[in-house]
Amino acid sequence: MTQHATSDAEVLQQVDFWFDPQCPWAWMASRWMLEVEKVRPVRTVFHVMSLGILNEGRDLPADYRRSIDGSWPGPRIALAVEEKCGQDALRAFYTAIGTRYHPGHEPRTRPTLEAALADAGLPVDLAEAGWTDANDDALRRSHHEGMDPVGDDVGTPVIRVNGMSIFGPVITPAPKGEEAGRLFDGVSAVTAYPGFFELKRTRTVDPIFD
């Protein structure tokens, strides 16, 4: 099947997608959605959630607690990018930081975040937002807009299709081409039914970055 070519007059279906840059599973699903855009009349609108907010007050293993406590700068910077530079800039920054974090296995540090801003053609001084809580009220609003509709027992990714928010899909590797489109068709079909809540099986592999 040839790739989908979207005309200017065609109405795109909006899919809202909430992510924390640190989550590899959100990264996999986001790469899937970018593939879906090539073969279906869909536009992904990215939004920021925070694993730090999600896990506030939870009793976590020590190693995971350290990881979560160190995760705040990424979402804070991503939100600053969206607020100051717009949705396309957020998309570019997510691609840049996700590429460094996940396939690149780079450390979750300020230099990595600054390099990702530069990769995306954005002002490096936006990194200042990562180390202040001055805008955390806005971060919480963005987080809760995505997470409240799906409840407390899930994480990221969260997508909203057909007006219904769901956790997932948790996939690896990210499908490409028409395979990505067929998976989206299935996700779209189940979200169209208001009584749909869950499909799940035990995950047996780690993220496969390709």
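Residues numbered from 1 in each chain as written. Predicted model: local features only at pLDDT ≥ 70, side-chain atom pairs only at ≥ 80, totals over all residues. Heavy atoms only, no water.

What follows concerns the nonpolar core. The biggest cluster of nonpolar side chains holds 57 residues, and the ones touching the most others in it are F19, W32, V81 and F93. Broken down by element, this core gets its largest block of residues, 9 residues, from helix α1 (residues 24–39). Contact partners of F19, with chain neighbours within four places excluded, come to A26, F46, H47, V48, M49, A78, L90, Y94 and T156. (Core = buried A, V, L, I, M, F, W, Y, C linked by side-chain atoms within 4.5 Å. Buried < 20%, exposed > 50% of the residue type's maximum accessible area, 1.4 Å probe, protein only. Helix = DSSP H or I, 4+ residues; strand = E, 2+ residues; numbered from the N terminus. Contact = heavy atoms within 4.5 Å.)

On to the environment of V170, then. Mapped onto the elements of the fold, V170 is located in the loop between β4 (164–167) and α8 (177–191). According to the relative accessible area criterion, V170 is partly exposed, its value standing at 38%. As a C-alpha pair, V170 and R203 span 33 residues in sequence and 8.7 Å in three-dimensional space. The residues touching V170, leaving out its near neighbours within four places in the chain, are W25 and R203.

This next bit is on the environment of S142. Along the chain, S142 turns up in helix α7 (residues 136–147). Here S142 is in contact with W18, H47, V48 and L79, once residues within four sequence places are set aside.

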